[in-house]
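# Structure at a glance
Now for the letters of each chain:
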Amino acid sequence: MTVRPLKQSSVFLDKFIKSQLNLSKPSPKLWHYKQIDDQYIDDKGWPILNLNHPILRRLESCRNIRQFNEVQSQSMFLGLFQHPLIASRLLKKLCTSLNSVSLAVSLYDNLEEPDSFMCNTIMRSFVNSDDPFGALSFYYEKMMAKWVSPNHYTFPLLVKVCAQIGSLAEGQKAHAWIMKLGFEFDLFVRNSLMHFYPVFGKIEDASMLFEEAYVLDLVSWNTMIDGYVKNGDLKSACKIFDEMPQRDVFTWNSMLSGYVEIADMEFAKELFDKVPCRDVVSWNCIIDGYARIGNVLVARQYFDWMPLRNVTSWNTMLALYVRCKDYLTCLKLFDKMIEGDARPNEASFLSVLTACSKLGRLDIGEWVHSYIKCNQIELDLLLSTALLTMYAKCGSMELARDIFDQMPERSTISWNSMIMGYGIHGNGGKALETFTKMVKGGHFPNDATFVCVLTACTHAGMVLEGWWYFNIMQRVYKIEPKVEHYGCMVDLLAKAGLMKNSEEFISKMPMDAGPVPWGALLSACSTHSNSELGEIVAKRLIDLEPNDSGPYVMLSNIYAANGKWDDVENVRKIMKEKELQKEAGSSMVQLRELRSESSKSDDSLHKRNMMYSMLGEIGAWMKSSSSELDTFKSFS
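Calculation rules
- Throughout, a residue's number is its position along its own chain's written sequence, starting from 1.
- Where totals are concerned, whole chains, interfaces and linings use all residues; where local detail is concerned, this predicted model gives features only for residues with pLDDT of at least 70, and gives and counts side-chain atom pairs only at 80 or more.
- To obtain the side-chain values, all non-hydrogen atoms of the structure were included, while hydrogens and water were left out.
- Per the convention used, a helix needs a DSSP run of H or I reaching at least four residues, while a strand needs a run of E reaching at least two, with both numbered from the N terminus.
- Exposure is judged per residue with a 1.4 Å probe applied to protein chains only, and the accessible area is read against the type maximum: over 50% gives exposed, under 20% gives buried, and values in between give partly exposed.
- We call two residues contacting when some pair of their heavy atoms lies within 4.5 Å.
- Aromatic pairs are defined between Phe, Tyr and Trp rings, using the six-membered ring for Trp, whenever the two ring centres lie within 6.5 Å; interplanar angles under 30 degrees are classed as stacked, those over 60 as edge-to-face, and all others as tilted.
- Our definition puts a charge over a ring when NZ of Lys or CZ of Arg is within 6 Å of the ring centre and also within 35 degrees of the ring normal.
- UniProt positions are given in the numbering used here, feature names are shortened, and annotations may be inferred rather than shown by experiment.
- In this scheme, a helix's expected span is set at 1.5 Å multiplied by one less than its residue total.
- A 3.5 Å cut-off defines polar contacts: any pair of N or O atoms within that distance qualifies, except that in protein one atom must be a possible hydrogen donor and the other a possible acceptor, and neighbouring residues in sequence count only when both atoms are side-chain atoms.
- Only residues whose relative accessible area exceeds 30% and that form no salt bridge are eligible for patches; like-charged ones are grouped when within 9 Å, while nonpolar side chains (Val, Leu, Ile, Met, Phe, Trp, Tyr) are grouped when within 5 Å.
- Here the accessible surface of atoms and residues is derived via Shrake-Rupley with a 1.4 Å probe, and residues count as covered only by protein chains that are part of the display.
- By salt bridge we mean one thing: a side-chain nitrogen of Lys or Arg within 4 Å of a carboxyl oxygen of Asp or Glu.
- Confidence of the predictor in every single residue is expressed as pLDDT, which spans 0 to 100.

Going by the annotation in an unreviewed UniProt entry, the name recorded for the protein is Pentatricopeptide repeat-containing protein, with Tripterygium wilfordii given as the source organism.

Have a look at this one:
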């Protein structure tokens, strides 16, 4: 090994460092020019330094790239840039504090003899920056190219990278190198391999590594349990669990998630009760289990019992209420979330915006949008689509259009939401125009797109256009019509008064029609007073869904419209025997000050009574108008 000559005297170095680093005291001598022996230089000819060296102390105080460049320049001037300790600290500073991996790679390229620590530092920085491909590229093109020998810290990083990019082959190559270099019995390396193989379903390979290990720690046992659980082998996970010499909260949570995954909530509850040290993950796991099986009451019970909640806890309950269509409770729970310490994230807003769409709560939707802007939350594709869907369903198409125009990229769902919004508000022309722009923009429509288009045609009474799009759906886009598409076409024809055509259309359907198209036809028969066809369709619907009260009520109304009171009585008798009862109709009236039904203030109660009084007067006026009309008819 060539010994590098010492280029500066200690006196000059002291003066230079003091002037450059503004040290109040003279810096310690790095080494003496006339005393070159084993006490001052290492076996590679470099001076022996420690962390108190002025260069390293100045490096630790760097806060930006400019200050870093000054220190790097000083190290080069002093001939210490290639020193292993200086170079490794420079790289670490760039990768950790200054978050500049690209500059670290550039600095690495100028090093004559980099070591594994430097390479590991850069690879770890790539991983922490969510750039696993960059880490793998650096390993092959920089580390291997300079013949830097990997160590037992390199391979766990490399194996983790292979798992992140989903490459089993690269991971197996890394395993081969591990065997060749003799790291297979290193506990840290072996644990990383045991975690790697179950990601690709190779649980047998992980089990072999586990069985052949001379030494196992808690991480080894937990890794195997986690691997078996994620591969659906709960029996083997239980076996490992029973054999473990000690357990921690991760162990219990892994087993708990396994039983939640197979929806065995009876055993999951029993296991949860045995957990000696529950954390927020344990509580979230049991809540998620009951949410998966739709048991809202028990899930909410555990949620209320939680000593500490995080945003995942709230999001699980919000999503559960949306899935169970209890949108009002979802919004009430969101109010409590905002009042507490939890900070909502994108998943929270997706649930809340969905609830706003279903309830028509434009005011809350606008508040959420304002919150997103004020907190500078990035609008990704999902959140943007949820916002524009909310605005579209609440009738604010201008705001929906603003969101749509600001989206850097649009998905098919985004286009569908715009088409749906224009369609349900009667603007069929705009809906079809949006569809045309969608196709010209290179977005391929799906079956849901044509449901939106056909619905728009139905609301606007565009019969010919509906037929056209139903035709090109099959002929041009090769999309086979589903029951929903046939239902839209039946509704379109029936609302146009073409009931016979609707009936023929249903009879020619290639699949079992089901209740959807027959229900649309029955509604049209009632609207157009076609009692003869309506009676046939209603009886058909009753055969399809004997426990649905809707067709019975419609049939009763048809008989009543034709004066067939005996038949009306028979239908009501059948409903009574089957214990069928029509759900009470309801309308949602949103008052500006009445934010929820639970308001009990005197002022809110007074306004509510005023509203009921006004509705009562309207009802009385309608009845009096009806009686006056009957009197007029009797005289005429």
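Time to look at the overall build of the protein. Counting its secondary structure elements, the protein contains 34 helices and 0 strands. In the protein, buried positions account for 44% of the 636 residues. Considering only contacts within the protein whose residues lie at least 6 apart along the sequence, 57% involve residues at least 24 apart.

This part is about the packing of aromatic side chains. Enumeration over the complete set of coordinates arrives at 28 aromatic pairs. Taken together, a centroid distance of 5.7 Å and an interplanar angle of 15° make the contact between Tyr290 and Tyr302 stacked. Of the two residues, Tyr290 is situated in helix H16 (residues 280–292) and Tyr302 in helix H17 (residues 296–305); the sequence distance between them amounts to 12 residues. The burial state of Tyr290 is the same as that of Tyr302; both residues are buried. Among the aromatic residues, those joined into a ring-pair cluster are Phe272, Trp283, Tyr290, Tyr302 and Trp305. Over the ring of Trp177 we find Lys180; its NZ or CZ atom is 5.1 Å from the centre of that ring.

When the UniProt feature table is mapped onto this chain, "repeat: PPR" (unreviewed entry) is found at residues 217–251, 279–309, 310–344 and 411–445. Overall, residues 217–251 shows 74% helix and 0% strand. The separation of its end C-alpha atoms is 13 Å. With 74% helix and 0% strand, the stretch residues 310–344 has end C-alpha atoms that lie 10 Å from each other.

When the terminal C-alpha atoms of helix H8 (residues 154–165) are compared, their 17 Å separation across 12 residues agrees well with the 16 Å that a helix rising 1.5 Å per residue should span. Counting buried positions along H8 yields 10 of 12 residues, so the element is predominantly enclosed.

Here His485 lies in helix H28 (residues 483–495). A polar contact is formed between the side chain of His485 and the backbone oxygen of Asp447, at a distance of 2.8 Å. Setting aside chain neighbours within four positions, we find His485 in contact with Asp447, Phe450, Val451, Leu454, Phe470 and Met473.

Within the fold, Lys358 resides in helix H20 (residues 346–359). Between the C-alpha atom of Lys358 and that of Lys325, which follows or precedes it by 33 residues, the distance is 8.7 Å. Ignoring sequence-local partners within four residues, the contact set of Lys358 consists of Tyr327 and Lys393.

Right, let's get into a nonpolar patch on the surface. A grouping of Phe185, Tyr214 and Val215 is seen on the molecular surface, where their side chains present a nonpolar patch of about 400 Å² in accessible area. You can see Val215 is positioned in the loop between helix H11 (203–212) and helix H12 (218–230).

This brings us to unusual backbone geometry. The phi angle at Asn99 is positive, at roughly 50°, despite the residue not being glycine. Checked against the element boundaries, Asn99 lands in the loop between helix H4 (84–96) and helix H5 (101–109). Despite not being glycine, Lys478 has its phi angle at roughly 55°, a positive value. The topology assignment puts Lys478 in the loop between helix H27 (463–475) and H28.

Below, the discussion takes up the confidence of the model for the protein. The pLDDT averaged across the protein works out to 81; a share of 74% of its residues lies at or above 70. Residue range residues 592–602 is modelled with pLDDT below 50. Its contacts to residues more than four positions away, or to other chains, number 12 contacts. For the stretch residues 631–636, pLDDT sits under 50, and the model shows 0 contacts to residues farther than four places along the chain or on other chains.

Another point: the pattern of salt bridges. Counting across every chain of the model gives 15 salt bridges. With a closest N to O distance of 2.9 Å, Lys239 and Glu243 form a salt bridge. Remark: Glu243 and Lys239 occur in helix H13 (residues 234–243); sequence separation between them is 4 residues, near one turn of the helix. A residue is classified by how much of its surface remains accessible, and Glu243, at 42% relative accessible area, is partly exposed. Across the pair Glu261 and Arg292 runs a salt bridge, and its minimum N-O distance is 3.2 Å. Taken together, the residues span a long stretch of sequence, with Glu261 in helix H14 (residues 249–261) and Arg292 in helix H16 at a distance of 31 residues. Accessibility expressed as a relative area gives 52% for Glu261, which makes it exposed. Arg292 sits in the partly exposed class, given a relative accessible area of 44%.

Let us now look at H12. Helix length check: H12 (13 residues) gives 18 Å between terminal C-alpha atoms against 18 Å at 1.5 Å per residue, within 8%. Burial runs high along H12: 10 of the 13 residues are buried. Within H12 the residues assigned to the buried category are Ser220, Trp221, Asn222, Thr223, Met224, Ile225, Asp226, Gly227, Tyr228 and Val229. For H12, the elements touching its buried residues are helix H10 (187–199), H11, H13 and H14.

Turning to the environment of Thr154, a few remarks are in order. Examined against the element boundaries, Thr154 turns out to sit in helix H8. For Thr154, a relative accessible area of 0% translates into the label buried. For the pair formed by Thr154 and Thr121, sequence separation is 33 residues and the distance between their alpha carbons is 9.4 Å. Ignoring sequence-local partners within four residues, the contact set of Thr154 consists of Ser116, Asn120, Met123, Tyr139 and Met143. For Thr154, the side chain forms a polar contact with the side chain of Asn151, separated by 2.9 Å.

Within the secondary structure, Gln301 is located in helix H17. Owing to a relative accessible area of 37%, Gln301 belongs among the partly exposed residues under this scheme. When the C-alpha positions of Gln301 and Ile287 are compared, they lie 8.8 Å apart, and in sequence the two are 14 residues distant.

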